[in-house]
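# Descriptive structure summary
Here is how the chains run, residue by residue.
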Amino acid sequence: MHGEMLGKLKLCLYSTRDAAKGWQETLSAHLETIGFQRGKGHPCVFHHPVRDIKTLVHGDDYVSAGSDESMDWLEAELAKAYEIQTQKLGAGKHQKAEGKVLNRILRHTTSGWEIEADPRHAELVIEQLGLENDSGVATPGVSGNDEEDIDTDVPLVGDDITKYRGVIARCNYLGTDRPDALFAIKEGCREMSKPTTGSLRRLRRIGRYLKKHPRLVWKFDMQDEQTEIVIRTDADWAGCRRSRKSTSGGNICIGGHCIKVWAKTQAVIAKSSAESELYGVVRGACEGLGMKSLCADLGSDVGIRLELDATAAKGILDRQGLAKVRHIDVNCLWLQEQCAKKMVPLVKILGDINTADLMTKHLVGPVMLKHVNNLNLELRAGRSEQAAKLHSMSTVAPLQNHDQPLSRNLPGGDYWAERGENGRWVRAHVTPRSSMFYPEEAPRGPGRKTRLRPTRKVQGTYVSGLRFKKDSDWTRDSKDDEFNESWTGRTIFIVDKHHSSDHGTDQRRQRVESSHNRRVSWADLS
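Read on for an overview of the structure. Just so we're clear, the structure is a prediction, and the values are computed from it rather than from any experiment.

## A look at the overall build of the chain
The secondary structure content of the chain amounts to 10 helices and 19 strands. By residue count, 44% of the 526 residues in the chain fall in the buried class. With the model as given, the accessible surface of the chain reaches about 28000 Å², and the carbon-plus-sulfur share is 51%.

Here it is as structure tokens:
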């Protein structure tokens with residue numbers, strides 16, 4: 001507002017919700033003008049009924065599948081509206097056999113297609129837990145008393161809680177692509193609020209498993225067109241020995257292709273195995289109906305078949321009403337009507353072949369591998385050539401031993417161990433240095449609106465093995481900034497939370513020069 005004048009913004013501000021919504025509407029309008037139909041249940045999915053192109057849009061990334069001719073046509077249409085970069089995967093002469101889609105590895109083979117997770121997630125978990133030299137274990141978890149806390153276990157405190165949460169959160173992101181470790185990861189996430197040394201022990205076992213089996217490849221072999229989605233569900237009644245809550249697990253397959261898996265702790269305490277299995281079946285039916293809607297948005301009309309190994313749960317769904325199980329939540333009985341209409345047919349299968357068992361409990365190695373193979377998944381060693389290399393992206397220090405030196409031989413050199421999330425910026429020095437560290441020395445440092453206190457805390461170890469701690473004023477040059485001996489360790493800068501109102505907490509990097517013999521107040525070199 002200036003006097004009596006009022007300005008109107010004609011463009012959306014970058015990174016606001018309105019900007020994201022505006023971009024989604026813009027790209028949707030463009031795709032619809034060239035013949036695509038937007039998904040009703042999934043607005044980011046588009047299908048071209050004439051050219052049979054299936055497209056998924058994530059932000060400004062388009063992932064499309066279709067014939068070579070259709071892909072050439074789509075590329076030409078997009079080039080008319082936007083400046084684009086493309087990669088084509090397939091068996092064609094000018095197509096690559098392997099590439100990245102949202103950092104997942106997608107690979108064309110003689111049998112069909114393969115997909116696997118970004119390997120950097122598993123590598124970071126291993127690095128952050130200090131397991132680079134560990135030989136690994138065959139399973140991500142153990143059942144029974146071995147998975148419980150023992151008398152000597154105590155709650156984690158201070159930074160160890162943050163470190164635990166950071167590593168298990170990364171595992172949780174990875175869990176979508178790792179059904180073999182999904183249940184163990186889910187259990188670890190349940191302990192995020194009050195982790196103990198037992199929680200850390202179980203987390204380290206997950207890391208050791210990832211060390212032994214760093215890759216899980218999803219295989220999608222060529223097959224005939226399928227007309228049915230198969231959902232398999234299972235539940236482990238009162239599997240949690242602390243809360244006695246049950247776990248619902250399941251997977252969705254289309255033919256021989258595993259599409260989705262899940263492992264969820266049930267919200268209520270089931271009073272019988274039949275009740276817990278019922279809740280698991282209801283969850284599977286919801287997932288199956290959602291997948292059916294997604295297939296419809298992609299131009300495929302498919303049916304649903306729900307397979308389970310629980311006779312009692314099937315009996316509850318085959319009848320009408322509550323009968324003798326009146327304590328069951330009536331919200332779960334909508335599935336009775338669906339079953340009566342034959343919209344979601346139920347099929348009883350043997351427990352030995354129910355692959356959903358993999359997502360409900362810890363299994364011994366041979367049984368776990370059997371279910372992994374039945375889902376058409378494959379554990380592999382090595383590393384994809386197209387995967388991005390792991391740089392020093394660690395956000396936490398190793399958790400295994402408080403007595404070991406602060407520095408470790410991490411690949412890639414120094415890195416920011418903390419970037420303002422705990423009110424401080426911590427630079428980990430892996431490469432020996434002979435001088436103090438200033439925040440402007442390294443890229444991706446504090447942003448232009450992040451004010452740091454003058455006090456700099458250094459905790460390190462000389463190459464001779466002697467440890468030291470030193471506090472100094474980083475805003476002024478001093479002869480004490482030079483060391484007589486090289487050292488490794490970390491430098492800590494504290495965020496000043498009492499700065500003026502014109503400074504925020506964003507981390508955009510901009511070098512700010514200052515005068516009066518003072519160094520820059522916050523960092524940037526990129």
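## Remarks on the sheet that holds strand 12 (residues 303–308)
One open sheet holds the five strands; their spatial order is 11-10-9-12-13, and the pairing between them is mixed. Looking at strand neighbours, the two that pair on one side only are strand 11 (257–265) and strand 13 (346–348), the edges of this open sheet. Strand after strand, the sheet turns through a mean of 20 degrees between neighbouring axes, direction not considered. Against the sheet, helix 5 (residues 182–189) contacts strand 10 (247–254) and strand 11, and its axis sits at roughly 30 degrees relative to strand 11.

## A word on the pairing of strand 8 (residues 215–221)
Among the seven residues of strand 8, five are classified as buried, and the element is accordingly described as predominantly covered. Here four bridges tie strand 8 to strand 14 (residues 377–380), and the two strands are oriented antiparallel to one another. Within the sheet, the bridge partner assigned to Trp218 lies in strand 14 and is Leu377.

## Details of helix 10 (residues 365–374)
Every buried residue belonging to helix 10 is among Gly365, Met368, His371 and Val372, and all of these are buried. Along helix 10, the residues classed as buried sweep out an arc of 135 degrees about the axis, all on the same side. Facing away from the buried side of helix 10, by more than 90 degrees, are the exposed residues Pro366 and Asn373. Here the buried face of helix 10 lies against helix 6 (197–212), strand 8 and strand 14. Positive phi shows up at Asn376, right after helix 10, with a value of about 60 degrees.

## Focus on the packing of aromatic side chains
All told, the structure shown has 10 aromatic pairs when counted by the stated rule. When the centroid spacing of 5.5 Å and the interplanar angle of 85 degrees are considered together, the rings of Trp416 and Trp425 count as edge-to-face. The exposure class assigned to Trp425 is buried, which follows from its relative accessible area of 1%. Seen from their ring centres, Phe468 and Trp487 are 5.7 Å apart, and the 80 degrees between their planes marks the pair as edge-to-face. Remark: Trp487 occurs in strand 19 (residues 482–495) and Phe468 occurs in strand 18 (residues 467–473); sequence separation between them is 19 residues. Given the relative accessible area of 12%, Phe468 is considered buried. A residue is classified by how much of its surface remains accessible, and Trp487, at 0% relative accessible area, is buried. Aromatic rings pair up to connect Trp416, Trp425, Phe437, Trp474 and Phe493 into one cluster. A cation over a ring is seen here: Lys470 above Phe483, with NZ or CZ 5.1 Å from the ring centre.

## Concerning the environment of Val45
Inspection of the secondary structure puts Val45 in strand 2 (residues 45–48). Its relative accessible area of 4% is what places Val45 among the buried residues. Distance in space between the C-alpha atoms of Val45 and Ser28 is 9.5 Å, their sequence separation being 17 residues. Among all residues touching Val45, those that are not within four sequence positions of it are Gln37, Arg38, Gly39, Thr55, Leu56, Leu294, Asp297 and Leu298.

## A few points about the pattern of salt bridges
Inspection of every chain in the model, using the stated rule, returns 34 salt bridges. For Asp177, the salt bridge goes to Arg104, with nearest N and O atoms at 3.0 Å. Taken together, the residues Asp177 in the loop between helix 4 (159–175) and helix 5 and Arg104 in strand 6 (residues 104–108) connect sequence positions 73 residues apart. Residue classification places Asp177 among the buried residues on the basis of a relative accessible area of 11%. The partner of Asp159 in a salt bridge is Arg424, with the nearest N and O atoms 2.9 Å apart. Separated by 265 residues along the polypeptide, Asp159 in helix 4 and Arg424 in strand 16 (residues 424–435) bring together distant segments of the chain. Residue classification places Asp159 among the partly exposed residues on the basis of a relative accessible area of 33%. Residue Arg424 is classed as buried on the basis of its relative accessible area, which comes to 15%. A single network of salt bridges, built from pairs that share partners, joins Glu98, Arg107, Glu114, Glu116, Arg215, Lys219, Glu378 and Arg380.

## So, the sheet that holds strand 15 (residues 415–419)
With antiparallel pairing, five strands are arranged side by side in an open sheet as 15-16-19-17-18. The open sheet terminates on both sides in strands that have one partner only, identified here as strand 15 and strand 18. Each neighbouring strand pair of the sheet contributes to a mean axis angle of 20 degrees, computed without reference to strand direction. As defined by bridge partners, strand 15 adjoins strand 16 across four bridges and the pair is classed as antiparallel.

## Overview of the packing of helix 7 (residues 273–297) against helix 8 (residues 311–318)
When two helices pack together, their arrangement is given by the angle between the helix axes and by the axis-to-axis distance. Their axes nearest at 8 Å, the elements helix 7 and helix 8 cross at an angle of 65 degrees. The orientation of helix 7 relative to helix 8 falls into the category roughly perpendicular. Of the two elements, helix 7 crosses helix 8, and the hand of that crossing is right-handed. Contacts between helix 7 and helix 8 involve Ala274, Glu277, Leu278 and Val281 on the former and, on the latter, Ala312, Ala313, Ile316 and Leu317.

## Re unusual backbone geometry
At Ala238, a position not held by glycine, the phi torsion is positive, near 50 degrees. Looking at where Ala238 falls in the secondary structure, it is placed in the loop between strand 9 (228–236) and strand 10.

Thresholds applied
- Residues numbered from 1 in each chain as written.
- Predicted model: local features only at pLDDT ≥ 70, side-chain atom pairs only at ≥ 80, totals over all residues.
- Heavy atoms only, no water.
- Helix = DSSP H or I, 4+ residues; strand = E, 2+ residues; numbered from the N terminus.
- Buried < 20%, exposed > 50% of the residue type's maximum accessible area, 1.4 Å probe, protein only.
- Areas by Shrake-Rupley, 256 points an atom, 1.4 Å probe, with all protein chains shown as cover.
- Pairing = 2+ DSSP bridges.
- Axes fitted to C-alpha atoms, helices over the stretch in contact; angles between N-to-C directions.
- Contact = heavy atoms within 4.5 Å.
- Arc of directions from axis to C-beta.
- Phe/Tyr/Trp six-rings, centres within 6.5 Å; stacked < 30°, edge-to-face > 60°.
- Lys NZ or Arg CZ within 6 Å of the ring centre and 35° of its normal.
- Salt bridge = Lys/Arg side-chain N within 4 Å of Asp/Glu carboxyl O.
- Parallel < 35°, antiparallel > 145°, perpendicular 65-115°, else oblique.
- Left-handed = near helix turned anticlockwise from the far one by under 90°.

Just geometry here; none of it tells us what the structure is for.
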